[in-house]
Amino acid sequence: MVAELAERPERGRSRLVTANLSVHFGERSALEDVSVSFVSGETVSLLGPNGAGKSTLLKAIAGLLPASHGTVTLDGVPIRRPNPAVVYVPQRSSVDWSFPVSVLDVVLMARAFRRSRLLPFGDADRDAALAALDQVGMRRFAPYQIGALSGGQQQRVFLARALLQDGEVYLLDEPFTGVDVPTQELVVSLFDSLRRAGKTIVFATHDLAQAVKSSDRIILLNRRLIAFGPPREVMTAAHLRATYGGQAVLPFDLLERTGGPS
Amino acid sequence: MNEWLLDPLRHTFMQHAFLAIVLVGVICGVTGTFVTLRGLAFMGDALAHAIFPGIVIAYLLGGNFLIGALIAAIVVSLGIGLISQSSRLSGDTAIGVLFAGGFALGIALISAQRTYVKDLTSFLLGSILGVTRGDLYLSAAVGALVLGTLAYFRRELTIIAFDRTFAQSLGLNLWAFDLLFLVLLSLAIVVSLQTVGNILVLAMLVTPAATARLLTDRLRVMVALSALIGAGSGVIGLYLSYHLGIASGASVVLVATALFLLVFLLAPQSGLITVAVARRLHFPHPERDAFPEPEAESAEADRTGTLGHQPSPATRRQ
């Protein structure tokens, strides 16, 4: 009975928890005492100014950065190293675009270590990769060199690779930065279908309107956790000022739409 | 012509030299692919110089020069890693400091020997005509080890070269693979020292790979072409060296460089001259010069090869 419950991806059950998470780079503290928890089947956006620790938080959750204090647990199990169930989609800037690989090669990287390393990729792998590309509308670009694509197209290819990794939690670092409107819409609809499949999506973004529109909950972060909750509770003038400082431009239409105080 | 080709092969030392240069061309060509993709050319040069003291110490102690070189390479790699941890100094500064320091240590050690000039010259410029059967076996064995390891870890090394953060998120230990690659690179350099010498080994690592990169967008093809160009430059260079009486290492590297310049100017997709000519021959055409529109049918692109290989409407009409 208990095991049955544990196996079913149920909306509303906390599965990914950070407890008092702090990350330091040498003397400098990048993230302090962040406690948040995510449930399956929700989309959470991560907002904060540059240097607020958004990437650091995502990387710490993904097991890419060691926590100096606190823990990250997935379904009760601590994450200290990268875990196949947690899919991390880096910022596009971390990639060498002149690299001689095709779009299909990039997507196949998701399966690089699934089977025997001595065998080349089989038809099954290739079909799965093409199907993932199909989901992001990029199938016809499979043979192209990755650097020849536009920013939005490159982001779609990374999403296809993430889909092929087939994780439970998706962490995306600025998936909406520098991409065109059709790609933004495609990313949103992809998040929706992942959420319906019981996955957890956490993405960092600078776009307040996008965050309000496409997430169930919002994290406001500036080295410390400022606020965490549904958009209408979180997006208040006081919270935004605490996050972005005095010069924050408050999107008034956004606050009205979400019923926040003006 | 036949005589020109066959005459050098009558000598055993030339047969050995040809085999040695083909081995070096293939080993450096394949290893060099990753060197150029990772932007490690300066690191390769530094390793070549920094392993010098290791070889000299091994020689003075009567030990195996491969082991001496490897220990020196690992010490230097770790040292570079350690110094670049300091946020005030960049990686290439760290490389520069240790590269010159290591080389000076090697020269200091060897200058105490009576055969100083001869030893130093053969280390710097190689002595391909002195390659023995035993040297060949050793080179082949080390080469097989290097190529085998590169093949075994090809996916790890490719993903790390392409996107380090993603590689890390797959659970790859970047530090361990970086060190592994530097060890393989050091082995490739050590195997090449006798053939092309310390100063020119960089050319064997970088030039064929760079030429191959201009010719293809596919990693697998690039590795094969790089090995082929490396071995080919070696063979052609040795013939020229034999018939023109010029130094073999220099001759091999000059052939590789000439091939690079030729491809740089004339490569079908990217050559400076070919592209300029193509621009004069055709008006820009959306189907040749740009991507298919999102609405366009995609079946064709799925079947055809890499970018730019689709027949342009102009050629189809002819």
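Here we summarise the structure given alongside this text. Bear in mind that the values here come from a model prediction, so they are computed numbers and not experimental data.

Thresholds, definitions, all that
- Residues numbered from 1 in each chain as written.
- Chains lettered and ligands numbered in written order.
- Predicted model: local features only at pLDDT ≥ 70, side-chain atom pairs only at ≥ 80, totals over all residues.
- Helix = DSSP H or I, 4+ residues; strand = E, 2+ residues; numbered from the N terminus.
- Buried ≥ 20, exposed ≤ 12 C-beta atoms within 10 Å, placed from the backbone.
- Contact = placed C-beta atoms within 7 Å.
- Nonpolar A, V, L, I, M, F, W, Y, C, P; charged D, E, K, R; others polar.
- Axes fitted to C-alpha atoms, helices over the stretch in contact; angles between N-to-C directions.
- Parallel < 35°, antiparallel > 145°, perpendicular 65-115°, else oblique.
- Left-handed = near helix turned anticlockwise from the far one by under 90°.
- Expected span 1.5 Å × (residues − 1).

### Observations concerning the overall build of chain A
So, point 1. Helices and strands together make up the secondary structure of chain A, namely ten helices and ten strands.
So, point 2. Each of the 262 residues in chain A was classed as buried or not, and the buried ones make up 47%.
So, point 3. By sequence separation, contacts in chain A at least 24 residues apart represent 68% of the contacts at least 6 residues apart.

### Points about the interface of chain A and chain B
So, point 1. Listed by partner, the interface residues are 25 residues for chain A and 28 residues for chain B.
So, point 2. Counted by class, the side of chain A that touches chain B contains 17 nonpolar, three polar and five charged residues.

### Observations concerning helix α2 (residues 54–61) of chain A
All names here are of chain A.
So, point 1. Of all eight residues in α2, eight are buried; the element is thus mostly enclosed.
So, point 2. Among the residues making up α2, those that are buried are K54, S55, T56, L57, L58, K59, A60 and I61.
So, point 3. In the segment just after α2, G63 is the residue with positive phi, at about 80°.

### Some details on the packing of helix α5 (residues 65–85) of chain B against helix α11 (residues 174–215) of chain B
Residue and element names in this part refer to chain B.
So, point 1. Look at α5 against α11: their axes get within 9 Å of each other, and the N-to-C directions meet at 140°. Classified by the angle between their axes, α5 and α11 sit oblique to one another. Pair α5 / α11 crosses with right-handed handedness. Here L66, A69, L70, A73, I74 and S77 of α5 come into contact with α11, specifically with L179, L182, V183, S186 and V190.
So, point 2. For the contact of α5 with α11, a count of residues per class yields nine nonpolar, two polar and no charged.

### Comments concerning helix α6 (residues 181–196) of chain A
Residues and elements named next belong to chain A.
So, point 1. When the terminal C-alpha atoms of α6 are compared, their 23 Å separation across 16 residues agrees well with the 22 Å that a helix rising 1.5 Å per residue should span.
So, point 2. Each element contacted by the buried residues of α6 is listed here: β3 (42–47), α5 (151–165), β7 (169–173), β8 (200–204) and α7 (208–214).
So, point 3. Backbone geometry just after α6 places G198 at a positive phi near 85°.

### With respect to the environment of B:L200
Residue and element names in this part refer to chain B.
So, point 1. Inspection of the secondary structure assignment puts L200 in helix α11.
So, point 2. In this structure the C-alpha to C-alpha distance between L200 and V252, which are 52 residues apart in sequence, comes to 9.3 Å.
So, point 3. Those residues in contact with L200 that sit more than four places away from it in its chain are G249, A250 and V253.

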